[in-house]
Amino acid sequence: MNNSVHAALQSALGPLSQEDLGELSEDVVISNHRAESIICHEGDVEYILYIIQEGSVAFTKKMENGGEQLL
């Protein structure tokens, strides 16, 4: 895996051994998402760690009145 993936992992998780970096890198999936796309939904159970390297994300919470609150 490339150095930018290793840097992103260490930035998110702290210092890691080369062995740990190697193992984690095997499971990395790099994806790009268009603006305004939904990556996951509230209440979904996922076993994924998202590391945002470029751009930004918004988190919303569903409200009882049917609306959404930006967090």
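Each remark here, short or long, concerns the structure printed above.
Residues numbered from 1 in each chain as written. Predicted model: local features only at pLDDT ≥ 70, side-chain atom pairs only at ≥ 80, totals over all residues. Heavy atoms only, no water.

A. Structural detail: a nonpolar patch on the surface. A surface patch of nonpolar side chains, amounting to about 690 Å² of accessible area, comprises Ile 39, Ile 48, Tyr 50, Ile 52, Val 57, Phe 59 and Leu 71. Looking at the secondary structure, you find Ile 39 in the loop between helix H2 (18-25) and strand S1 (60-62). (Patch = residues over 30% accessible without salt bridge, like charges linked within 9 Å, V, L, I, M, F, W, Y side chains within 5 Å. Areas by Shrake-Rupley, 256 points an atom, 1.4 Å probe, with all protein chains shown as cover. Salt bridge = Lys/Arg side-chain N within 4 Å of Asp/Glu carboxyl O. Helix = DSSP H or I, 4+ residues; strand = E, 2+ residues; numbered from the N terminus.)

B. How the structure looks around the layout of surface pockets. In this structure, the largest pocket spans a volume of roughly 1600 Å³. For the largest pocket, the lining is made up of 40 residues, of which His 33, Ile 39, Tyr 50, Ile 52 and Val 57 are closest to its centre. Those elements that place two or more of their residues in the lining of the largest pocket are helix H1 (3-13), S1 and strand S2 (68-70). For the lining of the largest pocket, the element with the most residues is H1, which contributes 5 residues. (1 Å grid on protein atoms, 1.4 Å probe; cavity = no way out; pocket = protein on both sides within 12 Å on 5 of 7 lines; lining within 4 Å. Points joined across faces, edges and corners; volume = space filled by probe spheres on them.)

C. Inspection of the pattern of salt bridges at higher detail. This model, assessed by the stated rule, comprises 1 salt bridge. With a closest N to O distance of 2.9 Å, Lys 61 and Glu 42 form a salt bridge. Note that Lys 61 is positioned in strand S1 and Glu 42 in the loop between H2 and S1, a separation of 19 residues in sequence. You can call Lys 61 partly exposed: its relative accessible area is 37%. (Buried < 20%, exposed > 50% of the residue type's maximum accessible area, 1.4 Å probe, protein only.)

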